[in-house]
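Spelled out, the chains give:
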Amino acid sequence: MKYSEITHFHHPEHTLKLETNKLPFRCNGCSEMGIGSRYKCDICNYDLHLQCALPSPTISHPFYVKCSFTFLSQPPGPNPRFCNACRSDLLGFGYHCHKCGFDLHPCCAKLPMEIADGETSTRICLYRKVWSKCYKCGRRGRSWSYRSRCKRYSLHVACAREMVVEGWMMDGMGFGRSDGGGGGGWLALGVGGGRGEKGLMKRGCEVVLQIVVSAVLGDPAALIAGVIGSLI
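From a predicted model like this one, the values you see are computed outputs, not experimental measurements. (Residues numbered from 1 in each chain as written. Predicted model: local features only at pLDDT ≥ 70, side-chain atom pairs only at ≥ 80, totals over all residues. Heavy atoms only, no water.)

*Asks:* Help me understand unusual backbone geometry, please; the structure alone is not making it clear to me.
*Replies:* Trans is the common state for peptide bonds, and a negative phi is the common state for residues other than glycine. At Asn-45, a position not held by glycine, the phi torsion is positive, near 55°. Looking at the element boundaries, Asn-45 is found in the loop between strand E3 (33-41) and strand E4 (46-48). Its identity as a non-glycine residue notwithstanding, Arg-87 has a phi of 70°, on the positive side. Of note, Arg-87 is situated in the loop between strand E6 (64-72) and strand E7 (94-96). Assessed through its relative accessible area of 42%, Arg-87 is described here as partly exposed. (Helix = DSSP H or I, 4+ residues; strand = E, 2+ residues; numbered from the N terminus. Buried < 20%, exposed > 50% of the residue type's maximum accessible area, 1.4 Å probe, protein only.)

*Asks:* Honestly, the packing of aromatic side chains in this entry has me stumped. Any pointers?
*Replies:* Two descriptors summarise a pair of aromatic rings, namely the distance from one centre to the other and the angle between the planes of the rings. Counted under the stated rule, the structure contains seven aromatic pairs. Judged by centre distance (4.7 Å) and plane angle (40°), the ring pair of Tyr-64 and Phe-102 falls under tilted. One end of the pair, Tyr-64, is in strand E6; the other, Phe-102, is in the loop between E7 and strand E8 (103-104), with 38 residues separating them in the sequence. Site record: aromatic cluster; members linked through ring pairs are Phe-63, Tyr-64, Phe-69, Phe-102 and Trp-144. The ring centre of Tyr-127 lies 4.6 Å from the NZ or CZ of Arg-147, which sits over that ring. (Phe/Tyr/Trp six-rings, centres within 6.5 Å; stacked < 30°, edge-to-face > 60°. Lys NZ or Arg CZ within 6 Å of the ring centre and 35° of its normal.)

*Asks:* Looking at this model, I keep getting lost on the nonpolar core. Mind explaining?
*Replies:* Note on soluble globular proteins: their nonpolar side chains tend to be buried together. Formed by 47 residues in total, the largest nonpolar core has its most connected members in Leu-48, Phe-69, Leu-104, Leu-111, Trp-144, Tyr-146 and Val-157. With five residues, helix H3 (residues 157-171) is the largest single contributor of residues to this core. (Core = buried A, V, L, I, M, F, W, Y, C linked by side-chain atoms within 4.5 Å.)

*Asks:* Would you mind showing me how to read the state of the cysteines here?
*Replies:* Where two cysteines share a covalent bond between their sulfur atoms, that bond is called a disulfide. Counted by the stated rule, this structure contains zero disulfides. Here Cys-86 stays unpaired: no disulfide links it, and the sulfur of Cys-83, its closest cysteine neighbor, is 3.9 Å away. Here Cys-159 stays unpaired: no disulfide links it, and the sulfur of Cys-134, its closest cysteine neighbor, is 3.8 Å away. (Disulfide = S-S within 2.5 Å.)

*Asks:* Sorry, what's going on with the sheet that holds E4 here?
*Replies:* The four strands lie next to each other as E1-E2-E3-E4, forming an open sheet whose pairing is antiparallel. Looking along the sheet, the strands with just one partner apiece sit at the ends: strand E1 (5-8) and E4. Looking at each pair of strands side by side, their axes are set apart by 50° on average, direction ignored. Alignment of strand E2 (residues 11-26) against E3, held across seven bridges, turns out to be antiparallel. Counted as the bridge partner of Leu-18 is Tyr-39 from E3. (Pairing = 2+ DSSP bridges. Axes fitted to C-alpha atoms, helices over the stretch in contact; angles between N-to-C directions.)

Below you can see the structure in the form of structure tokens.
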């Protein structure tokens, strides 16, 4: 459930207001990238993913049926930790299984197992391991991956986040703008159009990238509706 304003233990000085912005942000809770909906303190420039602002005390996950994950405001223990979903460092908020020692970023913990677009046949499923090559890195098994039902397109959760960070750095402050400012815009994500069969495959891959990136950054619905229709 979303609330227009909340108070949060991590930032008790001011209330946080729900807003949606196409510009990316770095969450002050988990230290990971985000886009779309967030809880924000305008006074302090403080942002939280929805998943970090309104965490569940405990969760379970289909990939770890014997685990019970507890929300923690900081990584457990003195040693460095990493997220078992995206393999990135755990630097702030996270879910931890005390029995098995697994860790998940809040956004990774709540990634949808399947994403479907109602107007097209695009269906993408989350897998713990995918044996097909990742679109970005060309490797297998690096982290959780999303794969299209047609099995043509796979993308690691970690690579989706890396693509956004790289695009943001290349595009400068124009990253994510809808007004044409700054570079070519991050929505292209390095995927061209073209004609013929190869062009159709690229556009299909672009659809997959858009959906995966939106999910990984914490707001699965943020970009899908406005993008899918223009690509197919």
